[in-house]
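Below are the chains, spelled out letter by letter.
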Amino acid sequence: MAKHPMTTLCYVEKDDAYLMMHRVSKKNDVNKDKWIGIGGHFEVGESPEECMLREAYEETGLTLTSYRFRGIVTFTQEGYGTEYMCLYTADGFTGEMKECDEGTLEWVPKKDLLKLDLWVGDLVFFKLLWEDAPFFSLKLSYQGDTLVEAVLDGKKLNLCYCSQEIFREVFWHDYAKIPRHTSQNSIAEGNLE
């Protein structure tokens, strides 16, 4: 049976850090060697919240008690297809963290995220999360690992055809300098300062 095109991704927060998964365990993984949040594909009949809570428990052993639905991210990639991802953050949980069979789990300080091997488009939604942007729709299109199109709430972003290193140098500033009140319109215009 083919995987459901709907997925969830959740960034669990604790002490100004996100729980990140280094995807090193699965073979033939589109996220191989990348750092991502926790989540996965919907099962038949699940709501976004049910999927996110199930995946969080299965991958980490944690039961999320406080979470927020932040946006919808549409991913397209040549040879992979289209995935519709429900993006969450969570700041409350119970339980003990366990080992994950999909990768290595690690609490990563937010200020250190740019040092990780991330998808370039993830940096766009991280910035929106850190700014506490209202609910958003973000489309990210890739050819291989190259971001070729980014559209935020129907407005094309000027962030395409660049590597993560170039993105960091040209479009990003240190986490401590990230403005907390930048509008989504200024991001859509490519103004990330």
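Residues numbered from 1 in each chain as written. Predicted model: local features only at pLDDT ≥ 70, side-chain atom pairs only at ≥ 80, totals over all residues. Heavy atoms only, no water.

**Student:** Outline the nonpolar core, supporting the account with residue identities and numerical values.
**Tutor:** Of all hydrophobic cores here, the largest spans 33 residues; its most connected members are Met 20 and Phe 125. Looking at this core, the elements with two or more residues in it are β1 (6-14), β2 (17-22), β3 (35-36), β5 (63-77), β6 (81-94), α2 (120-130), β8 (136-143) and β9 (146-152). In terms of residues, this core owes the most to one element, α2, which gives eight residues. Setting aside residues no more than four positions away along its own chain, Met 20 makes contact with Tyr 11, Trp 35, Ile 36, Thr 104, Leu 105, Glu 106, Val 108, Leu 113, Leu 116, Leu 118 and Phe 126. If you look at the next biggest cluster of nonpolar residues, it comprises 16 residues, including Cys 10, Leu 19, Met 21 and Leu 64. (Core = buried A, V, L, I, M, F, W, Y, C linked by side-chain atoms within 4.5 Å. Buried < 20%, exposed > 50% of the residue type's maximum accessible area, 1.4 Å probe, protein only. Helix = DSSP H or I, 4+ residues; strand = E, 2+ residues; numbered from the N terminus. Contact = heavy atoms within 4.5 Å.)

**Student:** Quick one: what's the story with helix α1 (residues 48-60), residue by residue and with numbers?
**Tutor:** When the terminal C-alpha atoms of α1 are compared, their 18 Å separation across 13 residues agrees well with the 18 Å that a helix rising 1.5 Å per residue should span. In this fold, the buried residues of α1 make contact with β1, β2, β4 (38-41), β5, β6 and β7 (104-109). Backbone geometry just downstream of α1 places Gly 61 in the positive-phi region, at approximately 85 degrees. (Expected span 1.5 Å × (residues − 1).)

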